[in-house]
Amino acid sequence: MQQSEAEFRSLSENSPVGIFRMDAEGRCTYTNPRCQAICGYTFDEALGEGWLQFVHPEDREWLMQDWSQTLSSQQQFSAEVRYIHKDGTIHFAQMRTSPLSRTSSQLIGHVGTVEDVTERRAIEQMKSEFVSIVSHELRTPLASIRGSLGLLAAGVFKNKPESAQQMLDIATYDTERLVRLVNDILDLERLESHKVNLNKQWCDGAALLEQSVKTIQSLAVESQILLSVEPTSVQVWADSDRIIQTLVNLVSNAIKFSPPHSTVTLNVQEQADRVLFEVKDQGRGIPADKLETIFGRFQQVDASDSRQKGGTGLGLAISKSIVQQHGGRIWVESVPGQGSNFYFTLPKLLD
């Protein structure tokens, strides 16, 4: 019996699932370490009704009401509950209990399990939001294309060549936008699922800046923006194509949101353990509450930017994924009305 008890305790103490025990009155008598980690309390703090103090205040009333019915009916119980840890973080947990009885009429308590579903909920929410946003973003250009081609097919502009050309131009523009959107979505998914192999090699930092400028020069000329590359000599271990893609994304954004006849400056500099890239513009700037969120999917400073500026809302998300896969970091510093400074770092190989 001692060996059996020791084995059971070892299984419980090392279980990847939270386990707890309640007496017949619903007072906690045992929690294993995993349960304590999920719910945010210690063994002693959970005893009796102490565990209830760690349940989110908004969940306590309905939880106790449902739990009381379980005590009286001797049925299994299942609920998703929020627990507040001492550091203020909130964990979502799936709690399940089953009655323990000596006989069919004598209840001696309940045994329960707790599973942390915080990460799963976050992923499900991200998927839901992503599908919703993609559906909207795809539907908008498709509706425009369908409308334009539908009018042409119906012969509405049969004798109006200029109007017919306008409809074709609209269809062409939205088709190109749709292709860019699909390509960006696929590119981002490949990056985040690590299906893209980085072809790292020694690259000249200044050459990366110059190539990026050549790639985006036509947009700069059209927008009357001067692109300036500060001379430097820095070697960086990176996938040159992906870093150029990142720089082009940052510079194209800078051009779109800068006034005519202003300057966008690019530079790279070597630091102690990293290489720092900077793209600086003299545009409208970014509000403080947007400095983090703009690196998310389909995030815009202004809701009308996607329509007016022609972007897909994925460029910064793609850039962030590329930089992170290189082991670096990307961020922005900005003052509304005074321009923005986008930075990203790449780790430097140390001898």
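Structure report, in brief. (Residues numbered from 1 in each chain as written. Predicted model: local features only at pLDDT ≥ 70, side-chain atom pairs only at ≥ 80, totals over all residues. Heavy atoms only, no water.)

Some points on the environment of proline 260
Phase 1: Considering the arrangement of structural elements, one finds proline 260 in the loop between α8 (240–256) and β9 (263–270).
Phase 2: The sequence separation of proline 260 and glutamine 224 amounts to 36 residues, and the corresponding C-alpha distance is 5.1 Å.
Phase 3: Setting aside residues no more than four positions away along its own chain, proline 260 makes contact with Ser223, Gln224 and Ile225. (Helix = DSSP H or I, 4+ residues; strand = E, 2+ residues; numbered from the N terminus. Contact = heavy atoms within 4.5 Å.)

With respect to a nonpolar patch on the surface
Phase 1: Together, Trp202, Trp237 and Leu349 give the surface a local cluster of nonpolar side chains, amounting to about 320 Å² of exposed area.
Phase 2: Within the secondary structure layout, tryptophan 237 lies in strand β8 (residues 235–238).
Phase 3: A relative accessible area of 32% means that tryptophan 237 is categorised as partly exposed. (Patch = residues over 30% accessible without salt bridge, like charges linked within 9 Å, V, L, I, M, F, W, Y side chains within 5 Å. Areas by Shrake-Rupley, 256 points an atom, 1.4 Å probe, with all protein chains shown as cover. Salt bridge = Lys/Arg side-chain N within 4 Å of Asp/Glu carboxyl O. Buried < 20%, exposed > 50% of the residue type's maximum accessible area, 1.4 Å probe, protein only.)

Things to note about the pattern of salt bridges
Phase 1: Tallying each qualifying case throughout the model produces seven salt bridges.
Phase 2: Here glutamate 45 ties to lysine 86 by a salt bridge, and the two come within 2.6 Å at their closest N and O atoms. Note that glutamate 45 is positioned in helix α3 (residues 43–46) and lysine 86 in the loop between β3 (77–84) and β4 (90–101), a separation of 41 residues in sequence.
Phase 3: Taking the relative accessible area as the measure of exposure, lysine 86 reaches 60% and is therefore exposed.
Phase 4: A salt bridge links lysine 348 to glutamate 270; the shortest N-O distance between them is 3.1 Å. A residue pair is termed long-range when its members are at least 10 positions apart, and lysine 348 in the segment after β12 (340–347) and glutamate 270 in strand β9 qualify at 78 residues.
Phase 5: Within this structure, Asp23, Glu25 and Arg27 form a network of salt bridges that share partners.

Some words on the packing of α8 against helix α10 (residues 315–325)
Phase 1: Here α8 crosses α10 at 145 degrees, and the two axes come no closer than 9 Å. Of the two elements, α8 crosses α10, and the hand of that crossing is left-handed. Contacts from Arg242, Ile243, Gln245, Thr246, Asn249, Leu250 and Asn253 of α8 reach α10 at Gly315, Leu316, Ile318, Ser319, Ile322 and Val323.
Phase 2: The class makeup of the residues in the contact of α8 with α10 is six nonpolar, six polar and one charged. (Axes fitted to C-alpha atoms, helices over the stretch in contact; angles between N-to-C directions. Left-handed = near helix turned anticlockwise from the far one by under 90°. Nonpolar A, V, L, I, M, F, W, Y, C, P; charged D, E, K, R; others polar.)

Description of the sheet that holds β3
Phase 1: Across the sheet, five strands lie side by side as β2-β1-β5-β4-β3; this open sheet has antiparallel pairing. The sheet terminates laterally at β2 (28–31) and β3, the two strands that pair on one side only. Taking the axes of each pair of neighbouring strands and ignoring which way they run, one obtains an average angle of 25 degrees across the sheet.
Phase 2: Across three bridges, the pairing between strand β1 (residues 18–23) and β2 is antiparallel. (Pairing = 2+ DSSP bridges.)

Focus: the environment of isoleucine 318
Phase 1: Considering the arrangement of structural elements, one finds isoleucine 318 in helix α10.
Phase 2: Distance in space between the C-alpha atoms of isoleucine 318 and leucine 191 is 7.7 Å, their sequence separation being 127 residues.
Phase 3: Excluding its chain neighbours within four sequence positions, the residues that come into contact with isoleucine 318 are Asp184, Asp187, Leu188, Leu191, Gln245 and Asn249.

A look at the side chain of aspartate 239
Phase 1: Mapped onto the elements of the fold, aspartate 239 is located in the loop between β8 and α8.
Phase 2: Here aspartate 239 sits buried without a salt bridge, and the closest side chain of opposite charge, arginine 242, lies 5.1 Å off (N-O distance).
Phase 3: Of the polar contacts made by the side chain of aspartate 239, one reaches the backbone nitrogen of asparagine 199; its length is 2.8 Å.
Phase 4: Only 3.1 Å separates the side chain of aspartate 239 from the backbone nitrogen of aspartate 241, close enough to count as a polar contact. (Lys, Arg positive; Asp, Glu negative; His and termini not counted. Polar contact = N/O pair within 3.5 Å; in protein donor to acceptor, adjacent residues only side chain to side chain.)

Things to note about the pairing of strand β5 (residues 107–116)
Phase 1: Bridge analysis of β1 against β5 gives six bridges, and the strand direction is antiparallel. Bridge pairing in β5 links aspartate 23 to glycine 109.
Phase 2: Taken together, the nine bridges between β4 and β5 define a ladder with antiparallel strand orientation. Opposite alanine 93, over in β5, you have aspartate 116 as the bridge partner.

Points about the nonpolar core
Phase 1: Judged by nonpolar contacts, the single largest core of 45 residues is most densely connected at Leu227, Ile243, Phe277 and Phe344.
Phase 2: Sort the elements by how many residues they give to this core and α8 lands first, with eight residues.
Phase 3: Apart from residues lying up to four places away in sequence, phenylalanine 277 is in contact with Gly205, Leu208, Leu209, Val236, Ile243, Leu247, Asn267, Val268, Phe342, Tyr343, Phe344 and Leu346.
Phase 4: Core analysis: the second largest hydrophobic core is formed by 21 residues, Cys35, Ile38, Met95 and Val114 among them. (Core = buried A, V, L, I, M, F, W, Y, C linked by side-chain atoms within 4.5 Å.)

Side note on α8
Phase 1: Here α8 contains 17 residues, and its C-alpha end-to-end distance of 24 Å stays within 8% of the 24 Å for a straight helix at 1.5 Å per residue.
Phase 2: Looking at where α8 begins, the residue whose side-chain oxygen comes 3.1 Å from the main-chain nitrogen of aspartate 241 is aspartate 239. (Expected span 1.5 Å × (residues − 1).)

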